[in-house]
Every structure is written in structure tokens, then in C-alpha cells.
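# What the coordinates show
The residues making up each chain are set out below.
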Amino acid sequence: MERTPDGTPVGVDDPYAVAGVCDHLTDDGRCRFALTRAGDDREFAAARRADGYDCHVGADGEWPRCPHYRSTTDGRECHRCGLAEVRLAHDDARPLVEEHHLSYGDADSSAPGASESDDSESDGAGPHEITVALCRWCHTKVHKSFARIDDDAVPDPEAIAARESRRSKEQSESAFETASERFDRQE
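Cut-offs and rules
Residues numbered from 1 in each chain as written. Predicted model: local features only at pLDDT ≥ 70, side-chain atom pairs only at ≥ 80, totals over all residues. Heavy atoms only, no water. Helix = DSSP H or I, 4+ residues; strand = E, 2+ residues; numbered from the N terminus. Buried < 20%, exposed > 50% of the residue type's maximum accessible area, 1.4 Å probe, protein only. Contact = heavy atoms within 4.5 Å. Areas by Shrake-Rupley, 256 points an atom, 1.4 Å probe, with all protein chains shown as cover. pLDDT = per-residue confidence, 0-100. Salt bridge = Lys/Arg side-chain N within 4 Å of Asp/Glu carboxyl O. Arc of directions from axis to C-beta. Expected span 1.5 Å × (residues − 1). Pairing = 2+ DSSP bridges. Axes fitted to C-alpha atoms, helices over the stretch in contact; angles between N-to-C directions.

When you go through the protein chain residue by residue, the secondary structure sums to 7 helices and 3 strands. Helices and strands appear in the protein chain in the N-to-C order α-α-α-β-β-α-β-α-α-α. Looking at the protein chain residue by residue over its 187 residues, the buried ones come to 35%. Considering only residue pairs separated by 6 or more positions, the protein chain has 67% of its internal contacts joining residues 24 or more positions apart. Carbon and sulfur atoms form 45% of the exposed surface of the protein chain, whose accessible area is close to 11200 Å².

In the predicted model, the protein chain carries a mean pLDDT of 82, and 84% of its residues have values of at least 70. By mean pLDDT, the top-scoring element of the protein chain is helix α5 (residues 136–144) (95), and the lowest-scoring one is helix α4 (residues 119–122) (34). Low confidence marks residues 107–125, where pLDDT is under 50. Its contacts with residues over four positions away, or in another chain, come to 28 contacts.

Moving on to the pattern of salt bridges. Using the criterion set out here, one finds 15 salt bridges in the structure. Its salt-bridge partner being D51, residue R48 comes within 2.6 Å of it at the nearest N-O pair. Look at D51 and you get partly exposed, because its relative accessible area is 44%. Here D91 and K169 are joined by a salt bridge, their closest N and O atoms 3.7 Å apart.

Turning our eyes to something else, we now look at the environment of E170. Relative to the elements of secondary structure, E170 occurs in helix α6 (residues 157–174). On the accessibility criterion, E170 (37% relative accessible area) is partly exposed. Along the chain, E170 and A89 lie 81 residues apart, while their C-alpha atoms are 9.0 Å from each other. Among all residues touching E170, those that are not within four sequence positions of it are V86, R87 and L88.

Okay, helix α3 (residues 42–50) next. Among the residues of α3, those classed as buried are F44, A45 and R48. Looking straight down α3, one finds that the buried residues subtend no more than 95° of arc, so they occupy a single side. Exposed residues pointing more than 90 degrees away from the buried face of α3 are listed as R42, E43 and A50. Of the surrounding secondary structure, the elements contacted by the buried residues of α3 are α2 (32–36). Downstream of α3 by a residue or two, G52 has a phi angle that is positive, lying close to 70°.

This brings us to the environment of V142. Along the chain, the position of V142 falls in helix α5. For the pair formed by V142 and V10, sequence separation is 132 residues and the distance between their alpha carbons is 6.3 Å.

End to end, α6 covers 26 Å across 18 residues, agreeing with the expected 26 Å (1.5 Å per residue, within 8%). Three or more residues of α6 are buried, namely A159, A162, R163 and R166. Seen end-on, α6 carries its buried residues on one side only, within an arc spanning 95°. In α6, the exposed positions angled more than 90 degrees off the buried face are occupied by P157 and Q171. Considering only its buried residues, α6 is in contact with α5.

Although it is not a glycine, Y53 sits at a positive phi angle of roughly 65°. Looking at the secondary structure, you find Y53 in the loop between α3 and β1 (70–71).

Our next topic: the sheet that holds strand β3 (residues 129–135). Strand order in this open sheet of 3 strands is β1-β3-β2, and the pairing throughout is mixed. Lying at the two open borders of the sheet, with one neighbouring strand each, are β1 and β2 (97–104). Pairing between β1 and β3: 2 bridges, direction parallel. By the bridge assignment, R70 is partnered in β3 with E129. Strands in contact with α5 are β2 and β3; relative to β3, the strand with the most contacts, it is inclined by about 120°.

Right, here's the structure in full:
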């Protein structure tokens, strides 16, 4: 199983097996990285410009071949148990769903157990940022045990209670009260 730079498990054997389409890929198959960040890698941007900014690996491509590939989560639902995020406006409480790294970018090459014969490095591309969304409870299980992100899991009772508490608060905040009702209550 892949591991973090600190040596804790990430819950998958191959991050690319669960990785999605590149975050830099536009709807029309062009590379947004080359379009918007040409100064970060001039040689890469020039090659993409010569090809009309087309992604050189394509939507169903071999992602490890691209040096700027990244696949990050939208953070709306736990990948493992399906717990949905509930965020409240003007509330800075800890999120229910967190970003979980399956690959750690350049730090990944120094991770314990990382081999120098990695396919991603043999093609000249370095490790890539790959994340999925996990609820706090699944995130802890993956890092502190042998749990995997693709386990058939159900949300913890604590997770359901936290989500429902936020939902009831959300519903109470969305109830309409006239100003006179609010002020009458305060007196």
C-alpha cells in the first residue's frame, strides 16, 4: 500500500487507479496549465502551444506521463462511506469531509517505500497530486489502520449525528421570521 512521507498508509495500492481526469484539462481537451501558467514551465507550454494547447495524453490518457497532472477532489461526499458534507455559512467549524492525499507531489518520492522504478518517474514526469474526499472518521481509519478508501463502509454513528446536527441548524436558520417576531421574542 502507498504511504505518506510520514509512513502512514493512504488506503490504495495505486493512486492512478482511483484518480480522475486532470484538473487542468478543459472541456474541449486543451491543457489549462499551458494556457494560464506558461511561465511555470516554458518548455512544456511551448510544446502544448505548438499542438494547439491539446492535452498530450488526452481525456483517457496515461496520466503518469504528464508532468503537470493533478486530480483533486471537490470535497462534497466521502469517497469511502458516502457521508455528504454540510457546510454552514458564517460557521468556521471543522468540515465533515476532508481532502485525503493519495499522492504527495514532489514529497512522494521521499516517502518510505517509494521506489525509484516508479512508472511516473521513469517517463520523466514526477509524482502528481492526487486527492479524494474522506469524512473525518474514514480519514482517521485509513491513516491509523489497514482501512482502504474502496472498502464497503457505512458512515460512523458519530458522523451521522454531526451531519444531522448541522442539517437541523441549517433548517432552523433558513426558517422565515418577520422582524416583529424576532424582536417580540427578545423582549
